[in-house]
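# Architecture and fold: a report
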Amino acid sequence: MVRIRLFSLLALGVLLLPASAWSAGDVAQPDGKPAAALPHMQFRPYQIIDKQQGGLVLATITVPQDWKVTSSVQWTYEDVSHPVRATARAEAPDGSAWVEFFPVEIFYWLEPVRAPVPIGGHSLGMIHKPNIKMREALEQFVIKPYRGKQANLKIVGFRPANRLPEAFGLPPSPGEGLAARLSYVAGGKPVDEEIFAMLGSGNRIPYTGPQGTWYESHRPLILAHAIGATNGQLDRLHPLLGSIATSLKVNPGWEAHRQVVMQQLATLFNNMIARGYAQIQAAAQLSRTISANNDAMLASIDAQRQAQAARDAAARQQAGHGGDPNDDFSLYIRGTERMKDPYWGESEQSSNQQYHWTDGSGNYQHSNDSTYNPNVGAGGGPTWQRMEPADR
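Residues numbered from 1 in each chain as written. Predicted model: local features only at pLDDT ≥ 70, side-chain atom pairs only at ≥ 80, totals over all residues. Heavy atoms only, no water.

### Things to note about the overall build of the protein chain
This is how it is decided: Where helices and strands are cited, they refer to DSSP runs of H or I of at least four residues and of E of at least two residues respectively, numbered from the N terminus. Burial status follows relative accessibility: with a 1.4 Å probe on protein chains alone, a residue under 20% of its type maximum counts as buried, one over 50% as exposed, and anything between as partly exposed. Contact definition: two residues touch when any of their heavy atoms are within 4.5 Å. For the area figures, the Shrake-Rupley method with a 1.4 Å probe applies, and any residue is considered shielded solely by the protein chains shown.
Along the protein chain, the regular secondary structure elements total six helices and 19 strands. Considering the protein chain as a whole, with its 392 residues, one finds that 46% of them fall into the buried category. In the protein chain, 60% of the contacts between residues at least 6 apart in sequence involve partners at least 24 apart. Counting only carbon and sulfur atoms, one obtains 51% of the accessible surface of the protein chain, whose full area is about 18,700 Å².

The structure is reproduced here in structure tokens:
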């Protein structure tokens, strides 16, 4: 049985190493500083939205004004150990340059027992791959699935990339980083691309029971991303692509919310295991349970999040930090605004909608329509009160 272990990992991440000669033996190491953008370009923020979690902003990225960005955040609740996968791609209007972010993968294996899953198979959102190495992880689980069908695909070379967390503005982390240089043809044009990732050192968890002690090992593949360009322009565009890549900022509010969801999923799953379900049966039952009670579960999670936001707001007010510009920037990064809540004092709501209503029970409704009133046609339901911005 694979037990639940909660990982505090970014859903997606990106960073950039400077250009270097791929045929050379020495490696250019990152210094942790974002590359300078081209001075004549105009930029705009883009929000990566988690629609399944009430429109929370997962992260923001700054891109050139005319670039197009696509993103996806997908929750699969029965994948209890790793239920969320996020991707994003920022691309020039003519498709000549891009930055792309790939989801986190988690590899696991058991010792000395064997997991009841084929090698390379999936269980609870993780991949069964005993003793996986960095190069295999990059080739088989990033390059192959995302670039394997490109015409004339060639791996030009590899180089170590051992300071990826620092380049991304994260504290040093044990593990092994690697970068691959690719060439292929897309849309009839030659492409150069660099793909980076880090395989974390992971952990080895002992379990002791009637049959002795066995171990469950995990290694996460994180910070996987690509930068690319057509027609031999990649090295020239490194400063621009670096600026875009390192502008990615993950919303700490979303990460806190993710942990609440993970904890609830783990509790549901472990309760089903305790009732005698086998692992696969428990995952299937979890999916059915969540499908039947999804709205109630998310409402419960949202109520907890809003209650915490209210407590935080009260603490800030008591400490006299109501006008802190750093707090305003934090709200901007999270894509939220503070609203006067008649029940909680203050609460944070998504800035994607202009009008917000509360029923005082931790439930909220949102709209950009000034004429919308959830009390109209409610049929004896809860009484909704419209909230005003806290700075008024």
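### Some remarks on the nonpolar core
Put simply, the rule is: Here, the term nonpolar core denotes a set of buried Ala, Val, Leu, Ile, Met, Phe, Trp, Tyr and Cys residues that are joined through side-chain atoms within 4.5 Å.
Residues Ile-48, Trp-67 and Leu-241 are the most contacted members of the largest nonpolar core, which totals 56 residues. When sequence neighbours within four positions are dropped, the list of residues in contact with Trp-67 reads Met-41, Arg-44, Ala-90, Glu-91, Ala-92, Pro-93, Ala-97, Trp-98, Leu-240, Leu-241 and Ile-244. Counting 22 residues, the second-largest nonpolar core is a separate cluster that includes Ala-137, Val-191, Ala-197 and Leu-199.

### Topic: the environment of Arg-163
Along the chain, the position of Arg-163 falls in the loop between β9 (151-160) and α2 (164-167). Arg-163 sits in the partly exposed class, given a relative accessible area of 33%. Note: C-alpha distance between Arg-163 and Glu-176 (13 residues apart in sequence) is 8.8 Å.

### Some points on the pattern of salt bridges
Spelled out, the test is: Throughout this description, the term salt bridge denotes a Lys or Arg side-chain nitrogen within 4 Å of a carboxyl oxygen of Asp or Glu.
Tallying each qualifying case throughout the model produces 14 salt bridges. Arg-89 is the partner of Glu-91 in a salt bridge, and the nearest nitrogen-oxygen pair spans 2.7 Å. Its relative accessible area of 15% is what places Glu-91 among the buried residues. In the salt-bridge network here, residues are joined through shared partners; they are Lys-68, Arg-89, Glu-91, Glu-100, Arg-147 and Glu-193.

### As for the pairing of strand β13 (residues 212-230)
What counts, and what does not: What makes two strands pair is DSSP finding at least two bridges between them.
For β13, the buried fraction is high: 16 of the 19 residues fall into the buried class. Of the pairings in the sheet, the one linking strand β6 (residues 105-111) to β13 comprises seven bridges and is antiparallel in character. From the neighbouring strand, Phe-107 faces β13, where its bridge partner is Arg-219. Inspection of the sheet shows strand β11 (residues 189-200) paired to β13 by eight bridges, in the antiparallel sense. Following the sheet pairing, Phe-196 is matched in β13 by His-225. Relative to β13, strand β12 (residues 203-209) runs antiparallel, the two sharing seven bridges. Residue pairing for β13: Ile-205 is matched across the bridge by Glu-216.

### Describing the pairing of strand β1 (residues 43-50)
Where β1 and strand β2 (residues 56-64) come together, eight bridges link them in antiparallel fashion. Within the sheet, the bridge partner assigned to Ile-48 lies in β2 and is Ala-59. Linking β1 to β2, which pair antiparallel, is a turn of five residues; within it Gly-54 sits at a positive phi near 75 degrees.

### What about the side chain of His-82?
Within the element layout of this structure, His-82 appears in the loop between β3 (68-75) and β4 (84-91). When its relative accessible area of 10% is taken as the criterion, His-82 is described as buried. Apart from residues lying up to four places away in sequence, His-82 is in contact with Val-104, Glu-105, Ile-106, Leu-124 and Gly-125.

### Examining the environment of Met-272
One can find Met-272 in helix α4 (residues 252-274). Along the sequence, Met-272 and Leu-286 sit 14 residues apart, while their C-alpha atoms lie 7.8 Å from each other.

### Remarks on the sheet that holds strand β14 (residues 249-250)
Note the cut-off: As a rule, the C-alpha atoms of each element are fitted with a line to give its axis, helices using only the stretch in contact, and angles between N-to-C directions run from 0 to 180 degrees.
Spatial ordering of the open sheet is given by β1-β2-β14, a layout of three strands whose pairing is antiparallel. If you trace the sheet from one side to the other, it starts and ends with β1 and β14, each paired once. Of the pairings in the sheet, the one linking β2 to β14 comprises two bridges and is antiparallel in character. Of the residues in β14, the one forming a bridge with Ala-59 is Val-250. Strands in contact with helix α3 (residues 238-245) are β1 and β2; relative to β2, the strand with the most contacts, it is inclined by about 160 degrees.

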